[in-house]
Structure formats: structure tokens, C-alpha cells
Amino acid sequence: MLDPLLIVELGVLGLGTGFLAGLLGIGGGMLLVPFLTYILGHQHVAPGLAVKMAIATSMATIMFTSVSSVRAHHQRGAVRWDIVRRLAPGIVLGGLVASLGVFALLKGAFLAIFFGLFVSFSAFQMFLDKKPAPSRQMPGTGGQLVAGGLIGFLSGLVGAGGGFVSVPFMTWCNVAIHNAVATSAALGFPIALANVVGYAVGGQSVADLPPASLGYIWLPALAVIATCSVLTAPLGARAAHQLPVKQLKRVFASLLLMLAAYMLWKGLSAF
């Protein structure tokens, strides 16, 4: 049984990340990983393993969040399903390579540092908000297959839904921001599914996992966070069409920089 206070903490985390997943198309992983790393550490999980389990559990919640938020976006006709169909195959392949192979080989400390650096880069990109060249368009099928592979691979290493790469990539190719956010939400499911399979299989033989774990995935946290996040993801998706997303992204980027600093500290202190 989970401690009641821990259930409340996980529930609040789920409500917040679900809303942000719908609002910004980011899947919530960038918020979940640092907080879950902290929570797992207090459950006496070794630091390196805590980072890996936080990444895997975060990715597992995205399967539920993405379905909830994409329904709201789809009802508004904002999802570019043509882009989803072309990016998804590469995303699945890239995710499986990351979660089945590379993830198990890397130390948790390295993953924490990589997470911190990559999230810092993503936050700065949000601040800059550069405008693409007017003539730029989405690449052809082959180009989108490669782009999808990179998105799936990076997502598997940091436990995020891919929106931190796919949204900037689509807006760089002159896809309207609301369409990019909605399409990113739809891409969250194949990203999460491919990586979760890898985390579950790759973590089967790992020692010292806490009770009720499926490979690297901590099932109690998944249950609480997923239940709460599906409640607020549609609210975030509706808000994305009404609120000043540009200003909100800058506020969110500030929060990301603080969380990235925490993960960098966790990674460096483990060496």
C-alpha cells in the first residue's frame, strides 16, 4: 500500500502534467522525470536506478495522457493525421532502439546529465521562439521517417513524449503552432508504446527494483498519475486554443531550467 501523502503527491503531479500535455503537446515527461526521481529516492531506490525508473514510468503515463488530449484536439480538427502517419513508423523504430538497447547500457547518472542538458536546450529554444523561413515545408516521406526515428530515440532516452522535438520541428517547417501541438499529442501514443515495451522487457533482470514494478516501470505511480492526468489533459487541449501559448511557453521554459539544473546536480553527484 502506498502512503496516503505519496498518493496525494503523485495525484497533484498527474493533474499538472496532464494539463501541460494538452496545452503544449509535450507529454509531461519533462516535469515528471525530476519529480519521480526525487520521490523514488525517498523510497530508498538507488540514485541511478531511480533515474531510469522515473524515465520509464514517465513514458508509460504518456500512453494515457496522449489519448485523452488528442481526442480534444481532434474534435477541433487540429491534428495533422497526414504527418502522424509519416512520422509514426520512424518513431516506433527509434523508440525501440533506445529503450531495448541503449537505455539498459547507459548509467543512470549519464541519463540524468543528458536529460538536464537536453531539457535546458529545449527551454532555451522556447525562449528564442525563432520564426521559420516562409518557404520551408515538411520533408518528404523519407525525411519524415528519419525525423521520426530521431524523435523516438531521443524520447526513449529522456522519458518525454517527443513534443520537445516534434513541435519545434513542425513549426520550423511552417506547420501552424496549434496544429503542431495537436499533432505532437497524437504522436505521443506510438512514442510511448514503443518505448514502454522496451523498458518492460529490458528491465526484467534488473536487481533491487521496488515492489510492483514491471521492468523499469513503477506501476503504483503509473496508476495514480495516469488516472489524474487523463482528467486534465482535455482541459489543457481546450486552453491551447484560447490562452496566449507563446507567453505560457516562456513561463514553462523557466520552470524547465530549474528542473534541468536539479537533474544535472543528481547526475554529477552520482560520479
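All figures in this text were calculated on a predicted structure; none of them were measured in a lab. (Residues numbered from 1 in each chain as written. Predicted model: local features only at pLDDT ≥ 70, side-chain atom pairs only at ≥ 80, totals over all residues. Heavy atoms only, no water.)

J.: Tell me about the environment of A261, and name the residues and values.
T.: Mapped onto the secondary structure, A261 falls in helix α10 (residues 245-269). Separated by 151 residues in sequence, A261 and F110 have C-alpha atoms that sit 14 Å apart. (Helix = DSSP H or I, 4+ residues; strand = E, 2+ residues; numbered from the N terminus.)

J.: Tell me about the packing of helix α3 (residues 47-75) against helix α8 (residues 177-202), and name the residues and values.
T.: Here α3 crosses α8 at 150°, and the two axes come no closer than 7 Å. In this structure, α3 crosses over α8, and the sense of that crossing is left-handed. Residues I55, A56, M59, A60, I62, M63, S66, V67, S69, V70 and H73 of α3 form the contact with α8, whose participating residues are V181, A182, A185, A186, G188, F189, I191, A192, L193, N195, V196 and Y199. In the contact of α3 with α8, the residues fall into 18 nonpolar, five polar and no charged. (Axes fitted to C-alpha atoms, helices over the stretch in contact; angles between N-to-C directions. Left-handed = near helix turned anticlockwise from the far one by under 90°. Contact = heavy atoms within 4.5 Å. Nonpolar A, V, L, I, M, F, W, Y, C, P; charged D, E, K, R; others polar.)

J.: Go over the packing of aromatic side chains with me, naming the residues and quoting the values.
T.: One pair of aromatic rings is described through two measures. These are the centre distance and the angle between the planes. Within the structure shown, the criterion is met by six aromatic pairs. If you follow K52 out to its NZ or CZ, it ends over the ring of F103, 5.6 Å from the centre. (Phe/Tyr/Trp six-rings, centres within 6.5 Å; stacked < 30°, edge-to-face > 60°. Lys NZ or Arg CZ within 6 Å of the ring centre and 35° of its normal.)

J.: Please set out the layout of surface pockets residue by residue, giving values where relevant.
T.: Reported here for the second largest pocket is a volume of approximately 170 Å³. In this structure, the second largest pocket is lined by D3, L5, L6, E9, L13, F35, Y38, I39, H42 and Q43. Counting only elements with at least two residues in the lining of the second largest pocket, the list comes to α1 (4-24) and α2 (29-42). Residues that form the lining of the second largest pocket fall into these classes: six nonpolar, two polar and two charged. (1 Å grid on protein atoms, 1.4 Å probe; cavity = no way out; pocket = protein on both sides within 12 Å on 5 of 7 lines; lining within 4 Å. Points joined across faces, edges and corners; volume = space filled by probe spheres on them.)

J.: Help me get a handle on the UniProt feature "transmembrane region" (unreviewed entry) in the protein, residues and values and all.
T.: Those places that UniProt annotates as "transmembrane region" (unreviewed entry) correspond, in this numbering, to residues 12-37, 49-70, 91-124, 144-169, 181-202, 214-236 and 248-265. Secondary structure content for residues 91-124 is 94% helix and 0% strand, and the end C-alpha separation is 24 Å. The distance separating the terminal C-alpha atoms of residues 214-236 is 30 Å; by composition the span is 78% helix and 13% strand. (UniProt positions renumbered as here; feature names shortened; annotations may be inferred.)

J.: Quick rundown of α3? Include the residues and the values.
T.: Here α3 is 29 residues long and its end C-alpha atoms lie 42 Å apart, about the 42 Å a rise of 1.5 Å per residue gives. Where α3 bends most, at F64, the angle is about 30°. Along α3, 22 of the 29 residues are buried, which leaves the element largely enclosed by surrounding structure. Looking one or two residues past α3, G77 carries a phi angle of roughly 70°, positive in sign. (Expected span 1.5 Å × (residues − 1). Bend = angle between axes of the 7 residues up to and from the residue. Buried < 20%, exposed > 50% of the residue type's maximum accessible area, 1.4 Å probe, protein only.)

J.: Describe the pattern of salt bridges, naming the residues involved and giving the relevant values.
T.: Using the criterion set out here, one finds one salt bridge in the structure. The shortest N-O distance in the salt bridge between R80 and D82 comes to 2.9 Å. On the basis of relative accessibility, which here comes to 31%, the residue R80 falls in the partly exposed class. (Salt bridge = Lys/Arg side-chain N within 4 Å of Asp/Glu carboxyl O.)

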